[in-house]
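Take a look at the letters that make up each chain.
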Amino acid sequence: MRWQGRRESTNVEDRRSERSGISMGGKKTGVLGFIILLVGAYYGVDLSGLVGTSSNIGEVGSSLSQNEEETLEKLSRVVLADTESTWQDYFARSGQKYSAPTMVLYNGATPSACGTGQSAMGPFYCPNDHKVYLDLSFYNDMKNQLGAGGEAAFAYVIAHEVGHHVQNLTGILPRISRLQQSNPAQANQLSVNLELQADCFAGVFGYQAVKNNMFEANDLEVAFAAAEAVGDDRLQKRSQGYAVPDSFTHGTSQQRLTWFRKGLQTGDPTQCNTFTN
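Residues numbered from 1 in each chain as written. Predicted model: local features only at pLDDT ≥ 70, side-chain atom pairs only at ≥ 80, totals over all residues. Heavy atoms only, no water.

A word on the overall build of the chain
Along the chain, the regular secondary structure elements total nine helices and nine strands. Taking all 277 residues of the chain together, 54% fall into the buried category. Contacts spanning at least 24 positions in sequence make up 76% of the contacts within the chain whose residues lie at least 6 apart. (Helix = DSSP H or I, 4+ residues; strand = E, 2+ residues; numbered from the N terminus. Buried < 20%, exposed > 50% of the residue type's maximum accessible area, 1.4 Å probe, protein only. Contact = heavy atoms within 4.5 Å.)

Okay, structure coming up:
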């Protein structure tokens, strides 16, 4: 990625110096504790399929050197700034103003308006406070545990979470949330539709990144691998040896890649209607 020297977003809240870890009975919460603590809406890279496996996402091999952390902070700020430019232009074309999200950098665990967030579950977006939450150590988790390393893979994850923010601003998130509550039998499928649309929106960011010479040809392959790595089927097979389609909440690897590619090829958010296609 050609990201060095590009504009960095100032919409960043750095909590990394704060004490990490949330206590429950004197012990740090793990993945299951996170699921219990996080109430309200949560939209993120779903790693719950790895609960109870030896992968220990967010715990093993996730430490960063000072130089690595400084580089990832700058990269994250640049990616966020480029998402701001992408969506500001799109909203302006329809006579609207884009209100950018705040990105919260933290270590281990942190409070949010959706409950307690923990790095073991990966990056997430909270619609209640319009913030994207990111533990930079997830970069190593992607590389070491999910086999999806690289700066472009990290950029895809950030752009995906910003995609949820766009859904929130346009009223898609609250509308789908109401539908899920009124029709629980369709809740999982509606969640899949939301996540695939966020992947498509991440592709729209990628379209602009290619036009602006930030993404190179090899970067696209890295981003494609990241989209596939977080498919429900792949995560479930890693954890238990088989997939249970009825339990999917984010989509298969193929679906995630397909919709990311669609956004990347068209650069048009109107082509990201995963609810009717």
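Read on, since the account is not over.
A look at the packing of aromatic side chains
Scanning all chains against the criterion turns up nine aromatic pairs. Both rings, one in F124 and one in Y133, keep their centres 4.7 Å apart while their planes meet at 5°; by these two values the pair is stacked. Ring plane angle 85° and centroid distance 6.0 Å describe the contact between F205 and F215, whose orientation is recorded as edge-to-face. With F205 in helix α6 (residues 187–211) and F215 in the loop between α6 and α7 (217–229), this pair connects stretches of sequence that are ten residues apart. Over the aromatic face of F275 sits the side chain of R175, whose NZ or CZ is 6.0 Å from the ring centroid. Here the guanidinium or amino end of R261 rests over the ring plane of F224, the centre of that ring lying 4.0 Å away. (Phe/Tyr/Trp six-rings, centres within 6.5 Å; stacked < 30°, edge-to-face > 60°. Lys NZ or Arg CZ within 6 Å of the ring centre and 35° of its normal.)

Section: the state of the cysteines
One pass over the full model with this rule turns up two disulfides. Linked covalently through their sulfurs, C114 and C126 form a disulfide whose S-S length is 2.1 Å. Residues C114 and C126 are joined by a disulfide whose S-S torsion is about 90°; by sign, that bridge is right-handed. Note that C114 is positioned in the loop between β6 (109–112) and β7 (115–118) and C126 in strand β8 (residues 124–126), a separation of twelve residues in sequence. Comparing C114 with C126 shows no difference in burial state: the two are buried. Counting only the cysteines that take part in disulfides, in the order they occur along the chain, gives the pairing 1-2, 3-4. (Disulfide = S-S within 2.5 Å.)

A few points about the packing of α6 against helix α9 (residues 253–266)
For the pair α6 and α9, interaxial distance at closest approach is 6 Å and the crossing angle is 40°. Between α6 and α9 the crossing geometry is right-handed. Judged by residue contacts, V192, E195, L196, D199, C200, A202, G203, V204, G206, Y207 and V210 of α6 engage Q255, R256, W259, F260, K262, G263, L264, Q265 and T266 from α9. (Axes fitted to C-alpha atoms, helices over the stretch in contact; angles between N-to-C directions. Left-handed = near helix turned anticlockwise from the far one by under 90°.)

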